[in-house]
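# Residue-level structural notes
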Amino acid sequence: MVQGIPIYHFLVVSTLMFFIGVCGFIIRRNLITMLMAVELILNSVNINFVVFNRYLYPDQLQGHFFSLFIVGIAAAEAAVAIALVINIYRRINNIEVENVNEMKF
Amino acid sequence: MNLGQFILMRHELLLTIAAVFVLIAELAINEKAKSKIIPIALGVFALVTLIGFIPAEPGVLFGGSFQSSPLTSFMKNVLNLAVLIIFLQSEGWLKKPENLDKVSEYFILTIATLIGMNFMISSGDFLSFYVGLETATIPIAGLAAFDKLKSRSAEAGIKLILSSALSSGILLFGLSMIYGATGSIYFTDIAQNLSATPLVILGFIFFVAGMGFKISLVPFHFWTADVYEGAPITVTSYLSVVSKGAAAFTFSIILFRVFNAVFDQWQHLIYVLAVMTMTIANLFALRQDNIKRFLAFSSIAQAGFILLGILGAGELGMTAVVYFVLIYVFTNLGAFGVATSVYNASGIETISGYNGLYKTNPKLSLLMTLSLFSLAGIPPVAGFFGKFFLFTSAAGRGYYILVLIAVLNATISLYYYLRIVKAMFIDQNDQPVPLFRSSPMMRASLIICLAGIFLVGFVSGIFEYIRDLSHLFFN
């Protein structure tokens, strides 16, 4: 437990990060930036897990381990996503979302 | 540690062995004879499917993280069977020259996602559930972008990975709230400590939003049609049957097991989602001309019907969901099998391209018609019984208005399913798809689907068997 800092401060930061990530995902028009926004979301989840664990349930480790697994899987996801972005770049020569629009309803 | 208890994980272990086996076969086989991998992988996978049917006692592994019961084993067997049919159907596509050098990748990626789905179904805590979910999702993006020289396929891949990454982020945010409220990630502990506090309900809504992406419920369905259209057709059938089936199984298990205490709260949410999913998907399906896009919207509508079974919570709801997915496997794969063989023979993907198909390929047209009737839920075929039990389980809980809406939607869906039937049987075409003969593997898969469409409906023992399994699961 961090002296003098209540749990709400951490939760406000993580919630802000989450919604900045969601907004970034919706507003940004570049595939790599969208990927960065997703990473923001995942990291806000990490903060949540660690803070809940540390403040509310300090005698166990489930939250800490969950955040470790999220970090690992986020790396795998980013690797595949970037490979696909490179594939897109080879096909249409840029990575703007507006140009990834061959299929629409 | 007693090694004998790993019999509980037999599906996952066998599939891992199968994936490694295909990898070794890829290394061992001569560069010029890559197509030999197809029968090898098929044989190995058929063996795995067969061994999976050996019954085993229920039990838990890893301190409750992995839970196995006859019902989850049955779900895994259904998924294995579906993947076997898809492998049989993908032979013609894999033998095309541009795919020959990546045959083994197709099998390894597919089996890897299947392992993830099996872990997801058997998970006993949210950590193993999440790991299984990601193992099931990430390789599918690679599969969707499998035709790497086609820009549509690349587009499908990037759309799938980005929307699934966002959806799992949202889902995780919900899980972190539930962890904060209950202090555990284990299903049994959460179920004991759960009460309808605002934090739990908010977390639950995020969780449903994340799962809604995977099952493609309206309003989280926007990726579905694009990905289904862009991906290679066998991958589309994999996405629409196996991926969706596994997500539906897991969703119902978690809702019944973990969130049972807040049923009064979540029933409203699922109610609204069910109505929106059925109605909007049906309206969009009316105006499609691409057969893959059409089947995408039809599969979204079917997911809406599955929600009726989930609303019927408990034993009967679970039975109805599993039974419906079993029928859906045969039905949808029958339709996709015909679409795949027509595509392989002529490259046609539009519904107007099917005009006059009956004159040249009567058997395929008949199978397509039966599959579509089954999807629509017309009595003699299995689809009717699947829908019937879903409606019964929802009506058993008193959702009469919802059942009425669902019946109306089933009627609307009849219109667009019959549009394809009309194209095949009535519409004239100067240049219909020429007569062709599918490969033996494709024919075998179509015969399995045809048998499934009739037998699963008529053999009442299957429904009773699933009901016994889910009785065992809940007690």
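Owing to the predicted nature of the structure, the values given are computational and were not obtained by experimental measurement.

A tally of regular secondary structure across chain B gives 20 helices and 2 strands. For 475 residues, the compact-globule formula gives about 23 Å, and the C-alpha radius of gyration of chain B, at 21 Å, lands near that figure. In terms of overall dimensions, chain B has a C-alpha envelope of 65 × 55 × 45 Å along the principal axes. Taken across its 475 residues, chain B has 61% of its residues classed as buried. Put simply, 80% of the contacts in chain B that link residues at least 6 apart link residues at least 24 apart.

From N to C terminus, chain A includes 3 helices and 0 strands. For chain A, the α and β elements follow one another from N to C terminus as α-α-α. On C-alpha atoms alone, chain A measures out to a radius of gyration of 17 Å, which is more than a quarter above the 13 Å that the 2.2 N^0.38 rule sets for 105 residues. For the C-alpha atoms alone, the extent of chain A along its principal axes is close to 55 × 25 × 25 Å. Per-residue burial over chain A gives 31% buried out of 105 residues. The long-range share in chain A, meaning contacts at least 24 apart out of those at least 6 apart in sequence, stands at 51%.

At the interface, 35 residues of chain A touch 33 residues of chain B. Breaking the side of chain A that touches chain B down by element, the ones donating at least two residues are helix H1 (7-27), helix H2 (31-56) and helix H3 (62-92) of chain A. Looking at which element gives the most residues to the side of chain A that touches chain B, the answer is H3 of chain A, with 17 residues. When the residues that make up the side of chain A that touches chain B are grouped by side-chain class, the tally is 27 nonpolar, 5 polar and 3 charged.

To continue, consider the packing of helix H16 (residues 362-376) of chain B against helix H19 (residues 440-458) of chain B. Residues and elements named next belong to chain B. Their axes nearest at 11 Å, the elements H16 and H19 cross at an angle of 40°. It follows that H16 is oblique to H19 by the angle criterion. In this structure, H16 meets H19 at a crossing whose hand is left-handed. Between H16, through Leu367, Leu370, Ser371 and Ser374, and H19, the contact on the second element is made entirely by Leu446, Leu450 and Ile453. Taken together, the residues that form the contact of H16 with H19 break down as 5 nonpolar, 2 polar and no charged.

Our focus in this paragraph is helix H7 (residues 151-182) of chain B. Since the α-helix advances by 3.6 residues per turn, residues separated by three or four positions end up pointing in the same direction. All names here are of chain B. Here H7 is 32 residues long and its end C-alpha atoms lie 46 Å apart, about the 46 Å a rise of 1.5 Å per residue gives. By the criterion of burial, H7 is predominantly enclosed, with 30 of the 32 residues buried. With its phi angle positive at about 80°, Gly183 sits one or two positions after the end of H7.

Moving on, we come to the nonpolar core. Membership of the largest hydrophobic core comes to 205 residues, with the highest contact counts inside it found for Ala82, Ala144, Leu308, Val325 and Val329 of chain B. With residues near it in sequence (within four places) discarded, Ala82 of chain B still touches Val241, Val242, Gly245, Val329 and Leu333 of chain B.

Turning our eyes to something else, we now look at unusual backbone geometry. Of note, the amide linkage connecting Val218 of chain B to Pro219 of chain B takes the cis form, showing an omega dihedral of 10°. Within the fold, Pro219 of chain B resides in the loop between helix H9 (198-215) and helix H10 (222-230). The backbone of Asn93 of chain A shows a phi angle near 65°, a positive value even though the residue is not glycine. For Asn93 of chain A, the location among the structural elements is in the segment after H3. The phi angle at Phe62 of chain B is positive, at roughly 55°, despite the residue not being glycine. Along the chain, Phe62 of chain B turns up in the loop between strand S1 (59-61) and strand S2 (66-68).

Another point: H19 of chain B. Residue and element names in this part refer to chain B. With 19 residues, H19 ought to run about 27 Å at 1.5 Å a step, and its terminal C-alpha atoms sit 27 Å apart, in line with that. Along H19, the helix axis deviates most sharply at Gly452, where the bend reaches about 25°. Listed as buried for H19 are Met442, Ser445, Leu446, Cys449, Gly452, Ile453, Val456 and Gly457. At its buried positions, H19 is contacted by helix H3 (70-89), helix H4 (91-94), helix H14 (315-346), H16, helix H17 (382-396) and helix H20 (460-474).

This paragraph deals with the environment of Phe330 of chain B. Residues and elements named next belong to chain B. Along the polypeptide, Phe330 turns up in helix H14. Residue Phe330 is classed as buried on the basis of its C-beta count, with 27 C-beta atoms lying within 10 Å. Measuring from C-alpha to C-alpha, the distance between Phe330 and Ser445 comes to 9.6 Å, with 115 residues separating the pair along the chain. Once you skip the residues sitting within four places of it in the chain, Phe330 turns out to touch Ala382, Cys449, Gly452, Ile453 and Val456.

A few words now on the environment of Lys363 of chain B. As for its position among the elements, Lys363 of chain B is in helix H16. Accessibility expressed as a C-beta count within 10 Å gives 13 for Lys363 of chain B, which makes it partly exposed.

This brings us to the confidence of the model for chain B. Of the residues in chain B, 100% have a pLDDT of 70 or more, and the chain-wide mean is 91. For this predicted complex, the interface confidence reaches an ipTM of 0.95, while the overall pTM sits at 0.94.

Before going further, it helps to examine the packing of H9 of chain B against helix H11 (residues 233-257) of chain B. Residue and element names in this part refer to chain B. Between H9 and H11, the least distance of the axes is 9 Å, while the angle of their chain directions is 150°. Judged by the inter-axis angle, H9 sits roughly antiparallel to H11. Contacts between H9 and H11 pair Met211, Lys214 and Ile215 from the former with Lys244, Ala247, Ala248 and Phe251 from the latter. Each residue belonging to the contact of H9 with H11 can be placed in one class, and the counts come to 5 nonpolar, no polar and 2 charged.

What counts and how
Residues numbered from 1 in each chain as written. Chains lettered and ligands numbered in written order. Predicted model: local features only at pLDDT ≥ 70, side-chain atom pairs only at ≥ 80, totals over all residues. Helix = DSSP H or I, 4+ residues; strand = E, 2+ residues; numbered from the N terminus. Rg over C-alpha atoms; globule rule 2.2 N^0.38 Å. Buried ≥ 20, exposed ≤ 12 C-beta atoms within 10 Å, placed from the backbone. Contact = placed C-beta atoms within 7 Å. Nonpolar A, V, L, I, M, F, W, Y, C, P; charged D, E, K, R; others polar. Axes fitted to C-alpha atoms, helices over the stretch in contact; angles between N-to-C directions. Parallel < 35°, antiparallel > 145°, perpendicular 65-115°, else oblique. Left-handed = near helix turned anticlockwise from the far one by under 90°. Expected span 1.5 Å × (residues − 1). Core = buried A, V, L, I, M, F, W, Y, C linked by C-beta atoms within 7 Å. Bend = angle between axes of the 7 residues up to and from the residue. pLDDT = per-residue confidence, 0-100.

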